[in-house]
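Residues per chain, in single letters:
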Amino acid sequence: MSDEAPLLDTLRSICGDAAVLTGGDMAAYATDWRDMFHGKPLCVVRPAETAEVAQCVAACAETGTAIVPQGGNTGLAGGATPDDSGTQVIVALDRMTAIRRIDPVGMTIEVEAGAILQTVKDAAGDENRLLPISLAAEGSARIGGLIATNAGGVDVLRYGMTRGLVLGLEVVLPDGQILSRLRHLRKDNAGYDLKQLFIGTEGTLGIVTAAVLRLVPQPRHRATALIAVPDIASAIALYARAQDEVGEALSAFELISGAGLDLVAEHMGQTAPVTADWVLLIEAGSSLPSLREAAEKLLETAFEEGWATDGVLAESEAQADALWQLRESLTEAEGKAGGAIKHDISVPITGIAAFLQEAGNMLRAVAPEAKFNVFGHLGDGNLHYNVMNVTREDAAKVNAAVHDVVAAHHGSISAEHGLGQYRVAEWARLASQPEHDLTRRIKDALDPDGLINPGKVVPKRG
Ligand SMILES: Cc1cc2nc3c(=O)[nH]c(=O)nc-3n(C[C@H](O)[C@H](O)[C@H](O)COP(=O)(O)OP(=O)(O)OC[C@H]3O[C@@H](n4cnc5c(N)ncnc54)[C@H](O)[C@@H]3O)c2cc1C
């Protein structure tokens, strides 16, 4: 036995010496993607299979050691970053990357939790199938993390959140037991749907080790347009018409502010073909060849009705990709410009214009120097309402101002990124007593010793 904590020796005996990282080797795992949360783990353990995860969790449970599950570490709520006590163990799933099975007829894929989203999408694409989760972090985010955060992204409008794509799950419970329901079934009403406990709960109730996901047909044609709109009301009118004209083929309806496009031009060297205070990135996809005609008709209507002032319909895949590049560069451009206090809010889509007006008024009073980078999934009523040019010291009052307007609109303070450690205090401030009580009872029932991702999602005991 070494002179380090005996637990480290146990973890080494389970996973092998090379799979237990300490000291400087832990650096990439100890800080989040935005470099906003900085933890000090006891160690990082990288199991190679589910049985090893289970043994590691059991060993930690025995010694009363807290665990932080981690996937691609791209989460935007600090959920995968440990505290700075030097006592928590990061269980990283990044060695469990196998794609176990694809069924192109049943339209399912079974993968380990550490598989990277892009790799899984490529494997599905090889079978002419699509895993419809699309987000700018897809080259790094891992399936377990996507499930644990119930990730959204730009395809939610058509295909729903990650939750709706999860058919089966394998999970290591806080006591080290393995719950395995890796069923390739679309229908399974036999008892409680236990997998739901682990989707969107950010690794606070167990560790996802593998999943069966639903695939959809790969659309053969896509139409992508960047449209300048005179105001938000016109954007909403165009959205309603798009639902009528291209219906279920509509997969993305994204809003970008002119200020955001300016950031992308200045810091990423990418220039948009249209500019305005508000711009829409719209995409539809279909197996049917008539899609382009329908898209052209929709744009004609938009100009006739005065909902659009300028716009381009991509003529090639490369042009469509370049339009998407503008959207996907917003976060990085914002970071290069000094960062922002981020909000990931949703309100009913018909309330978006009023929300923007009221939140803007509120912030002018609270932080008069504030600048904004607002973009997001307008079709889902979900905006990334990012406030720039304010100090970190002002974060609490800026957050409270924005979230109070969200609450007044019966919206959500976390549409897709989760609570992690970043938003847990604001959730605690705004949630009702029954929500507090039930959340605490579920946590205590599954993790009575509070060892799985403590301090995330569920507020600490008062
Ligand atoms: C540039 C960029 C763009 C993004 N765009 C979007 C977007 O459009 N929509 C969106 O929803 N998100 C977006 N995100 C956020 C992020 O990509 C997602 O939250 C993603 O699902 C996180 O996956 P991950 O593997 O990186 O998880 P991590 O960051 O490693 O972990 C996230 C949370 O899940 C838990 N967790 C991780 N793996 C497991 C597991 N196997 N079992 C149990 N718990 C686990 C962690 O403890 C943590 O609480 C974006 C992030 C970036 C950097």
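Residues numbered from 1 in each chain as written. Predicted model: local features only at pLDDT ≥ 70, side-chain atom pairs only at ≥ 80, totals over all residues. Heavy atoms only, no water.

- An unreviewed UniProt entry annotates the chain as FAD/FMN-containing dehydrogenase originating from Roseovarius nanhaiticus.
- Under the UniProt heading Sequence similarities (unreviewed entry), the entry covering the chain gives this text: "Belongs to the FAD-binding oxidoreductase/transferase type 4 family." (UniProt positions renumbered as here; feature names shortened; annotations may be inferred.)

1. Digging into the sheet that holds strand β15 (residues 310–313)
Backbone-to-backbone hydrogen bonds pair the strands of a sheet. The strands run either parallel or antiparallel.
Right, on to step 1. One open sheet holds the seven strands; their spatial order is β15-β12-β14-β13-β17-β18-β16, and the pairing between them is antiparallel. Of all strands in the sheet, those bounded by a partner on one side alone are β15 and β16 (344–346). Averaged over neighbouring strand pairs, the angle between their axes works out to 15° when direction is ignored.
Right, on to step 2. This element, helix α12 (residues 352–366), spans β14 (278–286), β16, β17 (371–377) and β18 (382–388) of the sheet and lies at about 15° to β18.
Right, on to step 3. Most of the contacts of helix α13 (residues 395–408) go to β16, to which it runs at about 15°, and overall it touches β16 and β18. (Pairing = 2+ DSSP bridges. Helix = DSSP H or I, 4+ residues; strand = E, 2+ residues; numbered from the N terminus. Axes fitted to C-alpha atoms, helices over the stretch in contact; angles between N-to-C directions. Contact = heavy atoms within 4.5 Å.)

2. Here's the deal with the domain arrangement of the chain
Right, on to step 1. Examined at the domain level, the chain breaks down into domain 1 (6–92), domain 2 (99–217), domain 3 (221–332) and domain 4 (340–423).
Right, on to step 2. Computed over C-alpha atoms only, the centres of domain 1 and domain 3 are separated by 42 Å. (Domains from an automatic or database assignment.)

3. Observations regarding empty space enclosed by the protein
Sizing a probe to match a water molecule and rolling it over the atoms shows the empty space that remains.
Right, on to step 1. The full count for this structure, using the stated rule, is two cavities of 30 Å³ or more.
Right, on to step 2. One number sums up the size of the largest cavity: a volume of about 120 Å³.
Right, on to step 3. As for the largest cavity, its lining consists of 15 residues, of which Arg181, Asp188, Asp193, Leu194 and Lys195 are closest to the centre.
Right, on to step 4. Sorting the residues of the lining of the largest cavity by element identifies β8 (166–172) and β9 (178–181) as the ones contributing at least two each.
Right, on to step 5. Per-element accounting of the lining of the largest cavity gives the leading share, four residues, to β8.
Right, on to step 6. Across the lining of the largest cavity, the residue classes tally to eight nonpolar, two polar and five charged.
Right, on to step 7. Residue lining of the second largest cavity: Ala223, Thr224, Ala225, Val246, Leu250, Ile282, Glu283, Ala284, Ala295, Leu298, Leu299 and Leu313, and that is the complete set.
Right, on to step 8. At the level of elements, β12 (221–229), β14 and α9 (291–305) are the ones that each hand at least two residues to the lining of the second largest cavity.
Right, on to step 9. Tallied by class, residues from the lining of the second largest cavity come to 10 nonpolar, one polar and one charged. (1 Å grid on protein atoms, 1.4 Å probe; cavity = no way out; pocket = protein on both sides within 12 Å on 5 of 7 lines; lining within 4 Å. Points joined across faces, edges and corners; volume = space filled by probe spheres on them. Nonpolar A, V, L, I, M, F, W, Y, C, P; charged D, E, K, R; others polar.)

4. As for the packing of helix α1 (residues 6–15) against helix α3 (residues 50–63)
Right, on to step 1. Two elements in contact, α1 and α3, have axes separated by 9 Å at closest approach and are oriented at 165°. The pairing of α1 with α3 is recorded here as roughly antiparallel in orientation. Crossing geometry of α1 relative to α3 is assigned as right-handed. Contacts between α1 and α3 involve Leu7, Thr10, Leu11, Ile14 and Cys15 on the former and, on the latter, Glu52, Gln55, Cys56, Ala59, Cys60 and Thr63.
Right, on to step 2. Class assignment of the residues belonging to the contact of α1 with α3 gives a composition of seven nonpolar, three polar and one charged. (Parallel < 35°, antiparallel > 145°, perpendicular 65-115°, else oblique. Left-handed = near helix turned anticlockwise from the far one by under 90°.)

5. So, the nonpolar core
Right, on to step 1. Among the nonpolar cores identified, the biggest contains 58 residues, and Ile227, Leu238, Phe253, Leu280, Phe355, Leu356 and Tyr385 are the most heavily contacted of them.
Right, on to step 2. Looking at this core, the elements that each hand over two or more residues are β12, α7 (232–246), β13 (250–257), β14, α9, α12, β18 and α13.
Right, on to step 3. Broken down by element, this core gets its largest block of residues, seven residues, from α7.
Right, on to step 4. Summarising the domain contributions, this core has at least three residues from each of domain 3 (221–332) and domain 4 (340–423).
Right, on to step 5. Within the second largest apolar cluster, 51 residues are counted, among which are Leu8, Met107, Ala115 and Ile207. (Core = buried A, V, L, I, M, F, W, Y, C linked by side-chain atoms within 4.5 Å. Buried < 20%, exposed > 50% of the residue type's maximum accessible area, 1.4 Å probe, protein only.)

6. Remarks on the sheet that holds strand β1 (residues 20–21)
Right, on to step 1. With mixed pairing, four strands are arranged side by side in an open sheet as β1-β2-β4-β3. At either end of the open sheet lies a strand with only one pairing partner, and these are β1 and β3 (67–70).

7. Considerations on α1
Right, on to step 1. Among the 10 residues in α1, seven count as buried, and that is most of the element.
Right, on to step 2. Considered for burial, the residues of α1 that qualify are Leu7, Leu8, Asp9, Leu11, Arg12, Ile14 and Cys15.
Right, on to step 3. Summarising the contacts, the buried residues of α1 are in contact with β1, β2 (43–45), α3 and β4 (89–92).
Right, on to step 4. Remark: Gly16 follows α1 within two positions and exhibits a positive phi of approximately 100°.

8. Observations concerning unusual backbone geometry
Right, on to step 1. One non-glycine residue, Asn128, lies in positive phi territory at about 60°.
Right, on to step 2. Its location among the elements puts Asn128 in the loop between α4 (117–126) and β7 (129–130).
Right, on to step 3. Owing to a relative accessible area of 39%, Asn128 belongs among the partly exposed residues under this scheme.

9. Considering the side chain of Thr108
Right, on to step 1. By the element assignment, Thr108 lies in strand β6 (residues 108–112).
Right, on to step 2. For Thr108, the side chain forms a polar contact with the side chain of His184, separated by 2.8 Å.
Right, on to step 3. Leaving out residues up to four positions away in the same chain, Thr108 has contacts with Arg101, Ile102, Asp103, Leu167, His184, Val212, Leu213 and Leu215. (Polar contact = N/O pair within 3.5 Å; in protein donor to acceptor, adjacent residues only side chain to side chain.)

10. Observations concerning the site of the ligand
Right, on to step 1. What surrounds the ligand is a group of 35 residues, the closest being Pro69, Gly71, Gly72, Thr74 and Gly75.
Right, on to step 2. One nitrogen or oxygen atom from the main chain of Asn73 is found 2.9 Å from an oxygen atom belonging to the ligand.
Right, on to step 3. For the ligand, the protein covers 96% of the area, taking 970 Å² as the surface of the free molecule.
Right, on to step 4. Where the shell around the ligand is concerned, the elements lending two or more residues are β3, α5 (143–148) and β10 (207–214).
Right, on to step 5. Looking at the shell around the ligand, the element that brings in the most residues is α5, giving four residues. (Near = heavy atom within 4 Å. Areas by Shrake-Rupley, 256 points an atom, 1.4 Å probe, with all protein chains shown as cover.)

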